[in-house]
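# Results of the structural survey
Residue strings, one per chain:
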Amino acid sequence: MAQNLIIYYSRKGENYVNGKIVDLKKGNTEICAEFIQKAVGGDLFEIETVDDYSKDYNKCTEEAKKELNENARPELKKYLDNIDLYENIFVCGPCWWGTYPVAVFTQLEKLDFSGKKVMALMTHEGSGLGSCERDLKKICKGASFGTGIAIHGADAAQSEKAVTEWAKKSI
Ligand SMILES: Cc1cc2nc3c(=O)[nH]c(=O)nc-3n(C[C@H](O)[C@H](O)[C@H](O)COP(=O)(O)O)c2cc1C
């Protein structure tokens, strides 16, 4: 049976939800990543940076903007060395200034995607998938790509049906 890997980044704490700042106990993307695992099975891998971003939403957006402008690759607490065991790779993250947080790229750039199938899931507050699929295609050389899915972050907890259907069709 095909092995699935669900790589995700998700930030707890203050976030912008439907025009208001709320304190998220569990990140929106983490909720969706767990729905994928429940739907199709597989391993979850959480991307965590050594240096935390600010809990404060506005400060965090400034930190993220600076990193993106500098094309930074922040250090992670742990790394996947390879993805040899897996066939299908779901890459899940929030939309930060139109694409994944750069920490996602820190991890992806260390992996060999030849022969893998890659799918994007992005949670957002209006930007949809942004440029994340284009960005994945640049990094995941040798992979094939399924259709991505954009989930409105505020609706993450209610997205199980949509995520389940998409994940099952993707593999
Ligand atoms: C640093 C930062 C930048 C963001 N930039 C965007 C953006 O460009 N477009 C958008 O639609 N939402 C943006 N958002 C909102 C998040 O994408 C959205 O709240 C997402 O669901 C958060 O997921 P998480 O809880 O898994 O981290 C941003 C949020 C943060 C913290």
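See the structure above.
Residues numbered from 1 in each chain as written. Predicted model: local features only at pLDDT ≥ 70, side-chain atom pairs only at ≥ 80, totals over all residues. Heavy atoms only, no water.

### Concerning the overall build of the protein
Looking only at helices and strands, the protein has five helices and eight strands in total. If you list the helices and strands of the protein from N to C, you get β-β-β-α-β-α-β-α-β-α-β-β-α. Expressed along its principal axes, the backbone C-alpha trace of the protein runs to roughly 45 × 35 × 25 Å. Out of the 171 residues belonging to the protein, those deemed buried represent 52%. Sequence separation of 24 or more characterises 78% of the internal contacts of the protein that already satisfy a separation of 6 or more. (Helix = DSSP H or I, 4+ residues; strand = E, 2+ residues; numbered from the N terminus. Buried < 20%, exposed > 50% of the residue type's maximum accessible area, 1.4 Å probe, protein only. Contact = heavy atoms within 4.5 Å.)

### Some remarks on the site of the ligand
Near the ligand you find 23 residues, and of these Ser-10, Thr-29, Cys-95, Thr-123 and Ser-127 are the closest. In this structure, an oxygen atom belonging to the ligand sits 2.6 Å away from a side-chain N or O atom of Ser-10. In the environment of the ligand, an oxygen atom lies 2.7 Å from a nitrogen or oxygen atom belonging to the backbone of Cys-95. Bound to the protein, the ligand loses 93% of the 650 Å² it would expose on its own. The cavity where the ligand resides is the largest pocket. Elements with a contribution of two residues or more to the shell around the ligand: strand 2 (13-17), helix 1 (28-40), helix 2 (57-69) and strand 6 (117-124). (Near = heavy atom within 4 Å. Polar contact = N/O pair within 3.5 Å; in protein donor to acceptor, adjacent residues only side chain to side chain. Areas by Shrake-Rupley, 256 points an atom, 1.4 Å probe, with all protein chains shown as cover. 1 Å grid on protein atoms, 1.4 Å probe; cavity = no way out; pocket = protein on both sides within 12 Å on 5 of 7 lines; lining within 4 Å. Sits in = over half its atoms within 2 Å of the grid points.)

### Remarks on unusual backbone geometry
Of all residues except glycine, most have a negative phi; of all peptide bonds, most are trans. Backbone geometry places Asn-71, a non-glycine residue, at a positive phi of 55 degrees. Relative to the helices and strands, Asn-71 is located in the loop between helix 2 and strand 5 (88-94). Look at Trp-97: it is not a glycine, yet its phi comes out positive at around 55 degrees. Overall, the relative accessible area of 45% leaves Trp-97 in the partly exposed class.

### Here's the deal with empty space enclosed by the protein
Summed over all chains, the structure comprises two cavities of 30 Å³ or more. Looking at the largest cavity, its volume works out to about 50 Å³. Among the elements that line the lining of the largest cavity, the one with the most residues is helix 2, at three residues. Class assignment of the residues belonging to the lining of the largest cavity gives a composition of seven nonpolar, no polar and one charged. What the second largest cavity holds in volume is close to 40 Å³. Surrounding the second largest cavity, Val-118, Met-119, Ala-120, Glu-133, Leu-136, Lys-137, Phe-145 and Gly-146 form its lining. Looking at the lining of the second largest cavity, its residues break down into five nonpolar, one polar and two charged. (Points joined across faces, edges and corners; volume = space filled by probe spheres on them. Nonpolar A, V, L, I, M, F, W, Y, C, P; charged D, E, K, R; others polar.)

### Observations regarding the state of the cysteines
Across all of its chains, the model carries zero disulfides by this definition. Cys-95 provides the cysteine sulfur closest to Cys-60, a residue in no disulfide bond, and the two sulfurs are 13 Å apart. Between Cys-95, a cysteine without a disulfide, and Cys-132, which holds the nearest cysteine sulfur, the sulfur-to-sulfur distance is 7.7 Å. (Disulfide = S-S within 2.5 Å.)

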